[in-house]
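Secondary and tertiary structure notes
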Amino acid sequence: MDQGWAAVIAAGVAAVVAVAASFIGVWLGRRTVRDQAQVEHGQWLRNQRQEAYVQCLDTWDGAMRAFEALIDEAEERKRQYRWETDNVGGNPFFAQEIFGVVEEISGPVNEALERVRLLGPDAVERAAKNLEDALNGIGGAVRAGTSEEDWEEWPNHAFWYEARRNATECRRNFFDEAQAVIRTAPDTARRSLWRSRSPR
């Protein structure tokens, strides 16, 4: 009788162990898949951010060169506008022409900044917002003094130099924040099931 009960108990223990092992195996398998998915997503996001940051800086630098060229060629633009107005009744809206150039230069930068702000993280998103504000400041400085009454005095160099100085500082801050994100090693620590979930 004792041997029979021992066999039954042993079989029961073996069944419990088998069920527990099966449950643990399934749980570990799911955990491994989830961890792998998080790692892959983290790597994808890191690559997307790096690409977006570099593109944003390249686009920004190209736009600043274009704005500087616009300021440098101010006298030639005014000479052409003056000739057209005097000789062929050219477009009397000098401001609209400059506004159009500013929008054309700014468009690709705004698109690049939008992508950066989408990808984050928060510190880089804030730096990108500051760059956006600086870009608007540059545009405003370029457009200053283009009205029909005072276009002969365009550009307003005081506004331009101040906006350019601010833009340079904002670019430096953006670069520093982006560099910190790219140079930070990914977090490979395993988190518990409960800590890995965002609070609801």
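Residues numbered from 1 in each chain as written. Predicted model: local features only at pLDDT ≥ 70, side-chain atom pairs only at ≥ 80, totals over all residues. Heavy atoms only, no water.

So, helix α3 (residues 94-119)
Given 3.6 residues per helical turn, the α-helix brings residues three or four places apart onto the same face. Taking 1.5 Å of rise per residue, the 26 residues of α3 would be expected to cover 38 Å, and the 39 Å separating its terminal C-alpha atoms lies within 8% of that figure. The largest bend along α3 reaches roughly 35° and is located at S106, with the proline P108 sitting one to four residues downstream. The set of residues buried in α3 consists of F94, I98, V101, V102, I105, S106, V109, A112, L113, V116 and L119. The first or second residue beyond α3 is G120, which carries a positive phi of 70°. (Helix = DSSP H or I, 4+ residues; strand = E, 2+ residues; numbered from the N terminus. Expected span 1.5 Å × (residues − 1). Bend = angle between axes of the 7 residues up to and from the residue. Buried < 20%, exposed > 50% of the residue type's maximum accessible area, 1.4 Å probe, protein only.)

Here we look at the packing of aromatic side chains
Applying the stated criterion across every chain, the model contains one aromatic pair. Between Y53 and F174 the ring centres are 6.1 Å apart and the planes differ by 85°, which places this aromatic pair in the edge-to-face class. With a gap of 121 residues between them, Y53 in helix α1 (residues 2-72) and F174 in helix α5 (residues 157-183) connect regions that are remote in the sequence. Grouping residues by exposure puts Y53 and F174 together as buried. Sitting over the face of the ring of F99, R143 holds its NZ or CZ atom 5.1 Å from the ring centroid. (Phe/Tyr/Trp six-rings, centres within 6.5 Å; stacked < 30°, edge-to-face > 60°. Lys NZ or Arg CZ within 6 Å of the ring centre and 35° of its normal.)

Things to note about the nonpolar core
Judged by nonpolar contacts, the single largest core of 41 residues is most densely connected at W60, F67, V116, I138, V142 and F174. Every element with two or more residues in this core is listed here: α1, α2 (74-87), α3, α4 (122-143) and α5. When residues of this core are assigned to their parent elements, the largest contribution, 11 residues, is made by α1. (Core = buried A, V, L, I, M, F, W, Y, C linked by side-chain atoms within 4.5 Å.)

Topic: the pattern of salt bridges
On inspection of all chains with the given rule, the structure shows 11 salt bridges. Across the pair R117 and E132 runs a salt bridge, and its minimum N-O distance is 2.7 Å. Here the residue R117 occupies a position in helix α3, and E132 occupies one in helix α4, the gap between them amounting to 15 residues. Residue classification places R117 among the partly exposed residues on the basis of a relative accessible area of 29%. Of the residues examined, E132 reaches a relative accessible area of 22% and is grouped as partly exposed. (Salt bridge = Lys/Arg side-chain N within 4 Å of Asp/Glu carboxyl O.)

Here we look at the confidence of the model for the chain
Predicted coordinates in areas of low pLDDT are best not read in detail. Chain-level pLDDT for the chain is 80 on average; 71% of the residues reach the 70-or-more range. Of all secondary-structure elements in the chain, the lowest mean pLDDT belongs to α1, at 75, while α4 reaches the highest, 96. (pLDDT = per-residue confidence, 0-100.)

Notes on the side chain of R49
Considering the arrangement of structural elements, one finds R49 in helix α1. The side chain of R49 is buried and forms no salt bridge, while D122, the nearest opposite charge, is found at 7.6 Å. At 2.9 Å, the side chain of R49 forms a polar contact with the backbone oxygen of L119. The contacts of R49, once residues within four sequence positions are left out, are L119, G120, P121, V181 and I182. (Lys, Arg positive; Asp, Glu negative; His and termini not counted. Polar contact = N/O pair within 3.5 Å; in protein donor to acceptor, adjacent residues only side chain to side chain. Contact = heavy atoms within 4.5 Å.)

Looking at the environment of T59
Following the sequence through the fold, T59 ends up in helix α1. Residues T59 and V109, spaced 50 residues apart in sequence, show a C-alpha to C-alpha distance of 5.7 Å. What T59 contacts, discounting residues up to four positions off in sequence, is P108, V109 and A112.

A word on the environment of Y81
Note on placement: Y81 falls in helix α2. The exposure class assigned to Y81 is buried, which follows from its relative accessible area of 6%. Separated by 16 residues in the primary sequence, Y81 and E97 place their C-alpha atoms 9.9 Å from one another.

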